[in-house]
Structures are given as C-alpha cells and as structure tokens.
Amino acid sequence: MATTTSPRVNYLNNRDILKEIHLSKNTYCSFLDPVLDHQFDIILPAVSKINQRTVAEARRNRAARLTRETGSPVNEKLIPNTDLVFRISTWEHIPMAPKKVPKTSAKKKKVEDILELLENVTDEVDDVIIDEPVLDPSHVRVNFPPFFHYRITDHKVPYLVGKSHWRGDLETGEYSRDHGNMTRKLATMFMKLCERYATRSNWRGYTYNEEMRGQALLQLSQIGLQFDESKSQNPFAYYTAAITNSFTRVLNIEKKNQNIRDDILEMNGLNPSWTRQNSNSAIHQPGSVVITTPDVI
C-alpha cells in the first residue's frame, strides 16, 4: 500500500508579505487611476533618475511580475514605456515639523503661559508643541516613507499619477496620514509570526511568554509599514528582528524586576529565588545560601 504524504502547508513567504504591505500602503495614497497607477515597477530616489537605463530595468521588472501573475511568459520588449510606473521617494508634500523645544524652555514657557493666560488669550498651539519622533527630522512623523508615482509620455516626459499620505484629488486634495489602514491579512500574518516565534525552544518556557507576544505584536503594528522595498525584498527577516528585540526587551525587564525582588528578600533575611541561589553571584552575599563542598573522607 502506497503511503500518501500530506501537502506542504504554506506558512509565510516574502512575496505574500510584500503584497500585503503594498496593499496596506495604497490605502494611505491617492492615484489618478487606482487600478493602473498603484503598482510600481521600480523605485528611484528622484525624478531625474528616470533615464534609458532605469526605464529598461522597470520594463524587465514589469515583465517578470506579469509572468508570475499570468503564468505565461511576457516579452519585455513588447511593453510600452507609457505603461511603466515609477515610485519616487520624496518628502515634498509632507508638512514641515515644528521646531524642537528644550524641556527646560518648555517648562518655563508653560509657567509663563499660565501667568499670562488672563491677560493675553491666544489660539496658537504651535508654541507649546514639544518634539515628536519623525523619520525625517525636518518633516512631521509618518508611518512609512512617503513617495510619488510617475508615468512617462511618449516623449519620455514624466507626469504625476499618485501621492502617498494624500486624500482626495491630486491637485485639490490634502495631506492625511491617518485615513488608511492595515489589511486584515497583514495583521493576521503579524499574529502568526509572533505565535510561531513564541514557540521556539529558547522562549516557550517563560511564564511571561504571553507578555512577550503582546509586546512584539504592538511593535509590529507600529513599524510594520516602515519596511522599505527599495532597500530589501526580505520583510520576513525585518519583522523577525523586530520580534526578537521585543522578546529580549521583555526578558531584560523581567530579569531586572526579579533581581530587585531577590534583593528585597535578602535584605529581610529571606531566601531569594532559586535562580539567585544557584548563581555564582549569590555566594558570600548576606542573606544568601552559601553552597559548600562536603569533607572528603
């Protein structure tokens, strides 16, 4: 009797993760044609980089993507230049960040504002804004690097077809950074990543494993869309590194709390945890258990 093997279950792969990252970022964008202009073929640092070499590379990338999607080979030479979409990294449409205010100056200013509140009442709120962490120090904080999408005409003249962090029409719309959302599938991928990572042999034995998973999931929700496709095509490694850092952070905090608890027990003449008793640092400390070797007969 022939043995049948169970089909291999697809856990997670970079191609699916990249697709969901792309769809999530599109919810924060506005395009001239949402169907044709959202899928970029190449990422460039500036519009001036659109030249014969980058156009040829974009044509090759588009042919490879269409081949994967349709299952039949696509000749890159048959793709017209007007069908190519170029993603240009830019902060041009992002508002400037408020100036940094030192904490000492901010405290003094708050006191002065309270004293002068009855005399001069103003509606200006920019003066009391304190520093906010940003990806670019000169612009406000956004959840992923902003960009423009461009196409080129038959005469190879680029024109704008899409903006990130934008709501409404490209000409009359407005900047917005909170009208989009992460796709449900990407959120499920983050949950699966944390769940599978927590079952590793070096993490699954801790009693605060659930707290580690929660901290890692919170971290992924914050930096999930900050993955830059122009620098790497391996988001799995990017997210795994973030999860590792979150797990390690929780572990260090718990170890610190345990050391404080053991110090309090030793100060009151009580036995600390077995971890402290069995460690080399517990020898010759007041209140700790000293391990001695029996006399050899």
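Residues numbered from 1 in each chain as written. Predicted model: local features only at pLDDT ≥ 70, side-chain atom pairs only at ≥ 80, totals over all residues. Heavy atoms only, no water.

### Section: the confidence of the model for the protein chain
So, point 1. When pLDDT is averaged across the protein chain, the result is 83; 78% of the residues are at 70 or more.
So, point 2. A low-confidence stretch, residues 120-134 stays under pLDDT 50, and its non-local contacts, those more than four residues away or across chains, total 15 contacts. (pLDDT = per-residue confidence, 0-100. Contact = heavy atoms within 4.5 Å.)

### Notes on the pattern of salt bridges
So, point 1. Applying the stated criterion to the full structure yields 11 salt bridges.
So, point 2. Between E210 and R213 there is a salt bridge, and its shortest N-O distance comes to 3.4 Å. Here R213 and E210 lie together in helix α5 (residues 209-223), a separation of three residues that amounts to about one turn.
So, point 3. R276 is the partner of D263 in a salt bridge, and the nearest nitrogen-oxygen pair spans 3.2 Å. Within this pair, whereas D263 is found in helix α6 (residues 235-267), its partner R276 is found in helix α7 (residues 274-278), the two being separated by 13 residues in sequence.
So, point 4. What makes R276 buried here is its relative accessible area of 9%.
So, point 5. Each of D41, R62, R65 and E69 takes part in salt bridges that share partners, so that together they form one network. (Salt bridge = Lys/Arg side-chain N within 4 Å of Asp/Glu carboxyl O. Helix = DSSP H or I, 4+ residues; strand = E, 2+ residues; numbered from the N terminus. Buried < 20%, exposed > 50% of the residue type's maximum accessible area, 1.4 Å probe, protein only.)

### Some points on helix α1 (residues 14-26)
So, point 1. The terminal C-alpha atoms of α1 lie 18 Å apart, and with 13 residues this matches the ideal 18 Å at 1.5 Å per residue to within 8%.
So, point 2. Looking at the buried side of α1, the elements it contacts are β1 (29-31), β3 (86-89), α4 (184-198) and α6.
So, point 3. Backbone nitrogen of R15 and a side-chain oxygen of the N-cap are separated by 3.2 Å at the start of α1; the cap is N13. (Expected span 1.5 Å × (residues − 1). Polar contact = N/O pair within 3.5 Å; in protein donor to acceptor, adjacent residues only side chain to side chain.)

### Digging into the sheet that holds β1
So, point 1. Within the open sheet, the five strands sit side by side as β1-β5-β4-β3-β2. Their pairing is mixed. The open sheet has two edge strands with one neighbour each: β1 and β2 (42-44). Each adjacent strand pair in this sheet contributes to an overall mean axis angle of 30°, direction not counted.
So, point 2. Here four bridges tie β3 to strand β4 (residues 147-152), and the two strands are oriented antiparallel to one another. Along β4, the bridge assignment pairs S89 with F147.
So, point 3. Relative to β2, helix α2 (residues 52-70) is tilted by about 150°, and along the sheet it contacts β2, β3 and β4. (Pairing = 2+ DSSP bridges. Axes fitted to C-alpha atoms, helices over the stretch in contact; angles between N-to-C directions.)

### Some words on the nonpolar core
So, point 1. One finds I21, M212, L220, Y239, I243 and F247 to be the most contacted residues of the largest nonpolar core, which totals 30 residues.
So, point 2. Counting only elements with at least two residues in this core, the list comes to α1, β1, α4, α5 and α6.
So, point 3. The element best represented in this core is α4, accounting for seven residues.
So, point 4. For I21, the residues in contact, after removing those within four places along its chain, are L186, L225, F227, E229, P235 and Y239. (Core = buried A, V, L, I, M, F, W, Y, C linked by side-chain atoms within 4.5 Å.)

### So, the packing of aromatic side chains
So, point 1. Counted under the stated rule, the structure contains 11 aromatic pairs.
So, point 2. Judged by centre distance (6.0 Å) and plane angle (35°), the ring pair of F144 and F147 falls under tilted. A single burial state applies to F144 and to F147, both of which are buried.
So, point 3. Measuring from centroid to centroid gives 6.4 Å for Y197 and W203, while their planes differ by 35°, and the two rings are tilted.
So, point 4. Judged by relative accessible area, which is 8%, Y197 ranks as buried.
So, point 5. According to the relative accessible area criterion, W203 is buried, its value standing at 7%.
So, point 6. Through a chain of ring-to-ring contacts, the aromatic side chains of Y197, W203, Y206, Y208 and F247 assemble into a single cluster.
So, point 7. Over the face of the ring belonging to F147 we find R87, whose NZ or CZ atom lies 3.7 Å from the ring centre.
So, point 8. Its end group placed over the ring of W166, K163 keeps NZ or CZ at 4.0 Å from the ring centre. (Phe/Tyr/Trp six-rings, centres within 6.5 Å; stacked < 30°, edge-to-face > 60°. Lys NZ or Arg CZ within 6 Å of the ring centre and 35° of its normal.)

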